[in-house]
2 protein chains.
Amino acid sequence: MDTKDSFRHFIYTDWILIENQFDPSQLQVRETIFTIGNGYVGTRGSFEESYPHALPATFIQGIYDDVPVVYTELANCPDWLQLTITIEGERFRLDQGEILAYDRQLDLRQGILHRAVRWRSPSNQTIDINFTRFASLADPHVLGQRCQLKAIDFDGIVEIQASVNGYPENQGFNHWEGLDQGKIDQGFWLQSRTRNSRIEIGLAAKISLSGTQALCQVNTTPGYPTWSASFYLKAQNLVTVDKIVTVFTSQDVKSPVLAAKNKLTQLPDYSTLLKENEATWQQVWQDSDIVIEGDSTAAFAVRYNLFQLLIAAPRHNDQVSIPAKTLSGFGYHGHIFWDTEIFILPFFIFTQPTLARNLLSYRYHTLPGARRKATHYGYTGAMFAWESAVTGDEVTPRWSLPRDFYGEDVRIWCRDREIHISADIAYAVWHYWQATEDDQWMQQQGAEIILDTAIFWQSRVEFNTQSQCYEIRGVIGADEYHELVHNNSFTNRMVQWHLEKAVLIYDWLQDNFPEQASQLASKLQITPTDINKWRDIIHKIYFPIHENDELIEQFAGFFQLKDINLTEYEPRQRSMQMILGVEGINKWQVLKQPDVLMLLYLMRQSGDFPYNQNTLTANWDYYAPRTDITYGSSLAPSIHAILAADLGKSKLAYQHFLQAALVDLEDKRGNTQDGIHGASAGGIWQTVVFGFGGIKIRNNQPVAHPHLPPNWTRLKFKLHWRGQWHEFDLYPTPPQVPHPVVSSPQIQGTIFDLDGVLTDTAEYHYQAWQRLADEEGIPFNRQANEALRGVSRRASLMLIIGNRRYSDAEIEEMMERKNQYYVELIKNISSQDLLPGAVSLLDQLRQAQIKIAIGSGSKNARTVIERLGIADKVDAIADGYSVQKPKPAPDLFLFAAQQLGLAPSLCVVFEDATAGIAAGLAAGMWTVGLGPGERVGAAHVVLPNLAGIKWVDIRAKLTRYSR
Amino acid sequence: MDTKDSFRHFIYTDWILIENQFDPSQLQVRETIFTIGNGYVGTRGSFEESYPHALPATFIQGIYDDVPVVYTELANCPDWLQLTITIEGERFRLDQGEILAYDRQLDLRQGILHRAVRWRSPSNQTIDINFTRFASLADPHVLGQRCQLKAIDFDGIVEIQASVNGYPENQGFNHWEGLDQGKIDQGFWLQSRTRNSRIEIGLAAKISLSGTQALCQVNTTPGYPTWSASFYLKAQNLVTVDKIVTVFTSQDVKSPVLAAKNKLTQLPDYSTLLKENEATWQQVWQDSDIVIEGDSTAAFAVRYNLFQLLIAAPRHNDQVSIPAKTLSGFGYHGHIFWDTEIFILPFFIFTQPTLARNLLSYRYHTLPGARRKATHYGYTGAMFAWESAVTGDEVTPRWSLPRDFYGEDVRIWCRDREIHISADIAYAVWHYWQATEDDQWMQQQGAEIILDTAIFWQSRVEFNTQSQCYEIRGVIGADEYHELVHNNSFTNRMVQWHLEKAVLIYDWLQDNFPEQASQLASKLQITPTDINKWRDIIHKIYFPIHENDELIEQFAGFFQLKDINLTEYEPRQRSMQMILGVEGINKWQVLKQPDVLMLLYLMRQSGDFPYNQNTLTANWDYYAPRTDITYGSSLAPSIHAILAADLGKSKLAYQHFLQAALVDLEDKRGNTQDGIHGASAGGIWQTVVFGFGGIKIRNNQPVAHPHLPPNWTRLKFKLHWRGQWHEFDLYPTPPQVPHPVVSSPQIQGTIFDLDGVLTDTAEYHYQAWQRLADEEGIPFNRQANEALRGVSRRASLMLIIGNRRYSDAEIEEMMERKNQYYVELIKNISSQDLLPGAVSLLDQLRQAQIKIAIGSGSKNARTVIERLGIADKVDAIADGYSVQKPKPAPDLFLFAAQQLGLAPSLCVVFEDATAGIAAGLAAGMWTVGLGPGERVGAAHVVLPNLAGIKWVDIRAKLTRYSR
């Protein structure tokens, strides 16, 4: 799709989206974008007069009906917008005649959609037609529509038909069977029922015409009741038709038609209804708005995303939730995923907590379905559905079926394996409670969710007697590119976290609501033995790092998969799954969406293990480049944006933010016609508040650590925390004037280790050692390899062989062999293997006239330096041939300083290994440690890595240190 | 379903089906039953005013559209019948007010559906409303509808709306997108297009009203154009509304709407159209009718089934065929199966050969799809689809998907394995050609079908080097209860037959149309090597009997499956598959439908191998009791009826005939709402003509060997054979007056063998031997067991052990062991184990004062006789203890005669074994051999078995013999 071409007709103002040209090729995408609603009903932005290939839809929360393959779907409800205008016998339609002017506006402040068209009919009559529609936020059952006509250059007969179309369709399927219909004063009513779920709907409509005399009548074509008016329109006269529609279902009241007819008689006129709607919207925005200044696209796009969430959230119903595509499209059939709890919910928790509670109560009401699912799969407790609808039973389709005669079916495994949803819901319950202190709800509903899902985990984990660990095997983690993995870190840690909270909740309930505690324990059959079992699982669940490690393996064996360089696949317009195949992609280290990083993000809010800056850095560096951020999951960009902001990667954070914020407005993924990306919209709020606003909960209240994007001059929002509103009005920190670049007298040279500092040949060393170890039948893996960081070749080999007996000759041969493998591997090294920030720092140093040496224990250092293309930036090289004693002996660095002609005290060593820092210190040099404090904490300055590092900053820090 | 209750409202006259009461519970079933059509269009018998849960449908031949899971389906077309009548503001509907009189009639002579209703509205106005509809057989594009109103007891305002409903649905799915619509003089038109296949439809309607003045207008509600009239109806005045609809699709003409509008202007009035329709029907019935006298139910039901076939057969189109459920319902989505060629086609071949040709040409036109299927599966040539639609590509669904959340998917294997369809089509092509001598079509189309499918077989068979046989592995045969079998006899023999004919056709083509022969050989890449290969396959294909054997094993290993006694499951309302499970039933000797018997039936027409009377008897006796004839396949009863008629089982034949003939009229299988059982309807014609009429082709022309059912006094029909009509007017053979039962002086005693004569303990002997053989590790099977028939225990054992060495003691022990097993097995013998006819014969003998002895070599004979409950009918017993020398020595029978006190020449021996007959003859007795001539041909009288045997007949035959 040519984005430039498609979206040039959009103008973003603070509150209004303006489309100033009609583009038939974008028809279905724009229908999604111009969706309106009020949390009860959502109506796509289809045209009143219809258009070929349009996908008009009105969805009502909770109105689902059966459908093959995907079990149930939101039923498209009778279309209340249908309006046919005939001018002198010619029907107004945009694909005939001529569009002289076109202007469509979605006003987010009031949830109103306007359209103004100047149209010239095929026989040359020109007319202005204005349409307005809204779904009242003041009364969920009220819909308003207005049409105004003004003849420009003719007098003539005009006929208007205003209908409710009882034949709506879900891509061809009509879920409704007509029961009855009839006429009322100035209007009509329609009664229909869903075919299988047997939900009744009643609509009533009243139409009034002003500005002229007309012959009006009502016709009750089966399933298509129609009010029509014929009149003689005089040039420049304005005729207004107001249509007010009321709608109820049998989930609201016993007799929907009666309720619709009754309400209709009690309503004020169109203008009054519009004012009531506006007033209600104003209240909502008071709490939920985000003000951004300095970036009008961001300012509008953020509001647009929040608007889409607000019109999808049930305000008067806690038996329903927000579908993945909200109420705006047919995608995912109205099914509800973790998208709601993890991505969307925080916005509501912090700005509309009563709506957040509705959404969570939905999960409480669907516990029976979750229990049936657990029973079906042979477990106990409650196992939430990956895709959920009314009952909470699992509705994820089993198959993606081919349309062509001989295509293969693709099995979808999420229903069976993507089990983290149960922990995600517990996570949401916990955080809702933390933010609201809503003890009442927690003891009545939340506790049961957390505890019954804990029981599920208790039955789901398996104890491995060999490793003495609890394991969770056969899952799909957050990253859906890998469909059958064991001990997924995201899942395992979320389960552990979940059980930790379950124990707390169980105790809290006993302490504060003993009666409820005992009732619940009896209902769920929880005994103290169970709680002990949970403690045991918490203690012994498999998780592939310890507190002071960094890189977390996504699941057991992930690091053994084929590695990938995604840049080699650019440019592309398809997901990596489409490129590598559904089966094939399982074999690669490529992620559809963050998994370990997602875990870190979720643990970030309260600083839970394993979230910390070092872990974040290490895992970001590893996983971010391996994530299919453009065409993988639309859930990814907002999370990457937040973490990038945390890491100070402002520009990248903003890029990801825009990718998410415009996903629908600019149809970034080519599927906006299927509906709004609800999770992405929720992620946007989190990006702005948690990422750019840097909000963390510290000392029991939200505190901002802002990292505003470059152009933003102001960021303002409100958060509700434990009964109080906290207002944040953030401005960028005043720009830092860079110090003049002057060489510090204390420092005239730098000595860089190679592996892990300038490049990542550590990986090639690992691969070479692994090959050697495999050939020798010696157990060895990435974890074992960690111990070799900064250790010489011989010492490494000694560590690997342990107490196995080898002759000296054999040891020599093995060293040689490993080196051959390594040399083979590094033949492919290029400047692409330089670590982020390396070249920039070297260039800064040369500009600052600081000398540069390499101090690497490797005998291949020269080769590597040449292949990296930095030989001309380097003044001296100390390598494996230069000295006898390896690091941590100071010899190598002293040799390097000598080569540079500088005293050790004038040199800074850049090292990533404990032994290297020790060597630098032993040599009497300054040291910069790259990596976690546990490893390089002895250095004068510790940095995560070189990315974005400025020499002046290092210099300043060292200068400060030396004072 | 309570049949009595449901069908008491039906009256069958010769030509008219009368329903005299409205039964809402039967709504959808009756919609199917009252379907009308003309071979272009079929319209279900839904009510004009609609009714809740109705399934109105109009299908047009060839109008398919995409749908998930089943790929494509016949699209329900816009409903041309919609008519709304409002009386004084109250809408006429059968579920409100009161039905004072109701009479619906389907007139088969003219294809007209009438309905007369006297209705009292809720506010007590009484009105007569008559409806008529027809689809003109004279012009496929013309549909007629009439509605007549007469107020009985009131004067008042009546409003009629006559519409075309552009929102038809396939169980909720609307395949049409509205393109345009408009008004014409006294009517309107509608233009729609299928969503995916993009077939356009155009309908035009003209409505005329007579009998009163009315205000008429046309309204073009989107997709629902409506003509309406309001008038003041005076009591006893008759008002008539005639609606004539024309319909075209883009498969007929380029501009369907234009064609529909044009035709409409050229049509005469309703009454003239009706007359033209009637005249055309008269011509059709002249050739296709069957007259039955003496049985009014049969007379009507047969015509009804033929009518349903006639209205489904394409008359002007050879690109389409008859779907399994004709054009009368949604079942099987309009897909085309072997039902058409094997069950339906003979009716057309012999009475409407041009329609038969259309149906076969459909297969010619779908050869490209069949080739794609072959290619997809890795074969060459043409592999026809098990389920076929427009393109001939395979459209059998892969899955039967559960509707409940946790149900299991069931894989449907027919697309992959039910490959006999290709031979079935070749079979149909061949028989069409035989009957019509249509050489032109054969050389242009038929030959290509037969040859390209032969090429497929050539690539599909596998040569087993060990057995030196061609095998066909991994198939589903005609019997679909067994889903993965090897060397299915039906398939293997049909393939062999197919290749035999392919060789003939190839030669015929070369001899008669050398140019076409060479073109085709070049197109299909057939070389003389291929023909030789076919001959080799014909010669060496695996088939489990030889010319002079009888019982054919359904597939390799069938006899090893668990045996079943279906009577033990009675009464039941479900198929055996539902009882034993889709997986489970594979393990049992139970058939969904005839398989070996189907093969015998198909080979019967031309007396091809293995069809002969003995084989038929043996296989009938074995397979018929193991066939789920009531709830298995609706394809079964007609075939069983024909074979039962062949076997002289008149009563049973008639039972099966009725089961098939009334399958829809009395909804025998509970699924008539899904549509007419087309194959059953075709089978009915075959039952009447081939079964009861006993038509066989002898000396190149059809010859009758009638077996009329008991009440039938006349059976009359016509057959077209090689250019000539043959009329058959058959009457029952005059009833045979039974001879007085007088004992013949020559015969005073009977001696019955037990096994295989009175009971089937042969099976238990077999099982006992099998167990012994298994324990001893000696190869043994049913086939080997055949050699033991009538052989003593010791001799049997000797045959089994062959040249293996055993001591005498071991042999004694084995005999004892086998006997123990046998005694265990026969403990369960009961009177149910008596063979058919046995008791009846014994009783006749006692009545005729003929003495009865048992002459069995078994040492368990007394036990068996007691368990069978016939001890009191027997005068003497000679068993394994009676004499030393076993049969064929005469000793045992001589002993028996002695016990009876009769000379041997006064005794008749009943035996099923060669050795037994020999023994009887050696004893100087009369002998009756039961079984095939090869086995018991030495006997004086040979019978298949005792079923239905009359002593007087045997006596007469023996008397005649002795003269």
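Residues numbered from 1 in each chain as written. Chains lettered and ligands numbered in written order. Predicted model: local features only at pLDDT ≥ 70, side-chain atom pairs only at ≥ 80, totals over all residues. Heavy atoms only, no water.

### What about the pairing of strand β19 (residues 224-233) of chain A?
Residue and element names in this part refer to chain A.
At step 1: Summarising burial for β19: 8 of the 10 residues are buried, a large majority.
At step 2: The sheet contact formed by strand β14 (residues 156-163) and β19 spans 8 bridges and is antiparallel. Opposite G156, over in β19, you have L233 as the bridge partner.
At step 3: Bridge analysis of strand β18 (residues 215-221) against β19 gives 7 bridges, and the strand direction is antiparallel. Counted as the bridge partner of T221 is Y224 from β19.
At step 4: Hairpin connection from β18 to β19: 2 residues lie between these consecutive antiparallel strands, with G223 at a positive phi of about 80 degrees. (Buried < 20%, exposed > 50% of the residue type's maximum accessible area, 1.4 Å probe, protein only. Helix = DSSP H or I, 4+ residues; strand = E, 2+ residues; numbered from the N terminus. Pairing = 2+ DSSP bridges.)

### Details of the relation of the copies chain A and chain B
At step 1: Take chain A, turn it by 179 degrees, move it 0.1 Å along the axis, and it overlays chain B with an RMSD of 0.3 Å. Such values leave the two copies arranged in the relation of a two-fold axis. Scanning chain A for the C-alpha nearest the rotation axis identifies F173(A), at a separation of 1.9 Å.
At step 2: Comparing contact sets, 100% of the residues at the interface of chain A also lie at the interface in chain B, consistent with an isologous, same-surface contact. (Least-squares fit on C-alpha atoms with pLDDT ≥ 70 in both. Contact = heavy atoms within 4.5 Å.)

### Points about the pattern of salt bridges
At step 1: Scanning all chains against the criterion turns up 105 salt bridges over all chains.
At step 2: Across the pair R104(B) and E19(B) runs a salt bridge whose closest N-O atoms are separated by 2.9 Å. Within this pair, whereas R104(B) is found in strand β10 (residues 98-107), its partner E19(B) is found in strand β2 (residues 16-19), the two being separated by 85 residues in sequence. The exposure classification of R104(B) matches that of E19(B), with both residues buried.
At step 3: A single salt-bridge network, built from bridges that share partners, covers R771(A), E775(A), E776(A), E813(A), R817(A) and E824(A). (Salt bridge = Lys/Arg side-chain N within 4 Å of Asp/Glu carboxyl O.)

### With respect to the pairing of strand β29 (residues 724-730) of chain A
All names here are of chain A.
At step 1: As paired elements, strand β28 (residues 714-721) and β29 share 7 bridges and run antiparallel to each other. Within β29, the residue paired with L715 across the bridge is L730.
At step 2: Where β28 hands over to β29, the hairpin turn is made up of 2 residues, of which R722 adopts a positive phi near 50 degrees.

### Focus: the state of the cysteines
At step 1: Tallied over the full model, the rule gives 0 disulfides over all chains.
At step 2: Here C216(B) stays free of any disulfide, with the sulfur of C147(B) as its closest cysteine sulfur at 14 Å. (Disulfide = S-S within 2.5 Å.)

### A closer look at the sheet that holds strand β12 (residues 126-135) of chain B
Residue and element names in this part refer to chain B.
At step 1: Taken together, the 10 strands give an open sheet; going across it, the order is β1-β2-β10-β11-β12-β13-β20-β17-β16-β15, and neighbouring strands pair in antiparallel fashion. The open sheet has two free edges, formed respectively by β1 (10-12) and β15 (176-184), since each of these has just one partner strand. Averaged over all pairs of adjacent strands, the angle between their axes in this sheet comes to 15 degrees, without regard to strand direction.
At step 2: With 7 bridges connecting them, strand β16 (residues 187-194) and strand β17 (residues 200-210) associate as antiparallel partners. In the sheet register, Q191 faces β17, and the bridge partner there is G202.
At step 3: Where helix α4 (residues 270-288) meets the sheet, it contacts β11 (112-120), β12, β13 (142-151) and β20 (238-249), and its direction lies at approximately 50 degrees from that of β12. (Axes fitted to C-alpha atoms, helices over the stretch in contact; angles between N-to-C directions.)

### Focus on the sheet that holds strand β32 (residues 876-878) of chain B
Residue and element names in this part refer to chain B.
At step 1: Spatially, β32-β31-β30-β33-β34-β35 is the arrangement adopted by the 6 strands of the open sheet, whose pairing is parallel. Where the open sheet ends on each side, the last strands, each with one partner, are β32 and β35 (941-943). Across the sheet, the axes of successive neighbouring strands diverge by a mean angle of 20 degrees, strand direction being ignored.
At step 2: Judged from the 4 bridges that link them, strand β30 (residues 749-752) and strand β33 (residues 907-911) form a sheet pairing that is parallel. Bridge pairing in β33 links G749 to C907.
At step 3: Lying on the sheet, helix α25 (residues 838-847) is in contact with β30, β31 (851-855) and β33; it crosses β30 at an angle near 160 degrees.

### Structural notes on the confidence of the model for chain A
Low pLDDT means the predicted coordinates in that region are not meant to be read closely.
At step 1: Overall, the predicted model of chain A reaches an average pLDDT of 92, with 97% of residues at or above 70.
At step 2: Within the model, pLDDT remains below 50 along residues 735-745 of chain A, and this stretch shows 9 contacts once partners closer than five positions in the same chain are excluded. (pLDDT = per-residue confidence, 0-100.)

### Some remarks on the nonpolar core
At step 1: Grouped together as the largest cluster of nonpolar side chains are 211 residues, with contacts concentrated most on W338(A), F348(A) and F657(A).
At step 2: Those residues in contact with F348(A), other than ones at most four positions away along the chain, are L309(A), L310(A), A313(A), I322(A), P353(A), L355(A), A356(A) and L359(A).
At step 3: Formed by 161 residues, the second largest nonpolar core is a distinct cluster that contains F347(B), V475(B), V503(B) and I537(B). (Core = buried A, V, L, I, M, F, W, Y, C linked by side-chain atoms within 4.5 Å.)

### What about helix α12 (residues 489-512) of chain A?
At step 1: Taking 1.5 Å per residue, 24 residues should reach 34 Å; α12(A) reaches 34 Å between its end C-alpha atoms and fits that length.
At step 2: Extensive coverage of α12(A) is indicated by the burial of 18 of its 24 residues. (Expected span 1.5 Å × (residues − 1).)

### Overview of the interface of chain A and chain B
At step 1: Tallying the contact residues gives 50 residues for chain A and 51 residues for chain B.
At step 2: Our enumeration of links across chain A and chain B arrives at 7 salt bridges.
At step 3: Here E169(A) and R195(B) are joined by a salt bridge, their closest N and O atoms 2.6 Å apart.
At step 4: On inspection of chain A and its partner chain B, the count reaches 16 residue pairs in polar contact (both at pLDDT 80 or more).
At step 5: Elements with a contribution of two residues or more to the side of chain A that touches chain B: β6 (64-67), β15 (176-184), β18, β19 and α8 (367-376) of chain A.
At step 6: Grouping the constituent residues of the side of chain A that touches chain B by class yields 14 nonpolar, 18 polar and 18 charged. (Polar contact = N/O pair within 3.5 Å; in protein donor to acceptor, adjacent residues only side chain to side chain. Nonpolar A, V, L, I, M, F, W, Y, C, P; charged D, E, K, R; others polar.)

### Some remarks on helix α24 (residues 808-826) of chain A
Residues and elements named next belong to chain A.
At step 1: Helix length check: α24 (19 residues) gives 27 Å between terminal C-alpha atoms against 27 Å at 1.5 Å per residue, within 8%.
At step 2: The complete set of buried residues in α24 reads I811, M814, M815, R817, K818, N819, Y821, Y822 and I826.
At step 3: At its buried positions, α24 is contacted by α21 (761-776), α23 (793-801) and α26 (861-868).

### What about the environment of I579(B)?
Residues and elements named next belong to chain B.
At step 1: Within the secondary structure layout, I579 lies in helix α15 (residues 576-580).
At step 2: A sequence separation of 286 residues divides I579 from I865, and the C-alpha atoms of the two residues are 34 Å apart.
At step 3: Here I579 is in contact with Y569, R572 and R574, once residues within four sequence places are set aside.

### Regarding unusual backbone geometry
At step 1: Residue E570(B) is joined to P571(B) through a cis peptide bond whose omega torsion reads -10 degrees.
At step 2: If you trace the backbone, P571(B) turns up in the loop between α14 (528-540) and α15.
At step 3: The peptide bond linking F609(B) to P610(B) adopts the cis configuration, its omega dihedral lying at 0 degrees.
At step 4: Tracing the chain through its elements places P610(B) in the loop between α16 (596-604) and α17 (613-623).
At step 5: You will see that S50(A), though not glycine, has its phi angle at about 65 degrees, which is positive.
At step 6: Within the secondary structure layout, S50(A) lies in the loop between β4 (41-43) and β5 (58-60).
At step 7: The residue R198(B) is not glycine, and still its phi comes out positive at about 55 degrees.
At step 8: As for its position among the elements, R198(B) is in the loop between β16 and β17.

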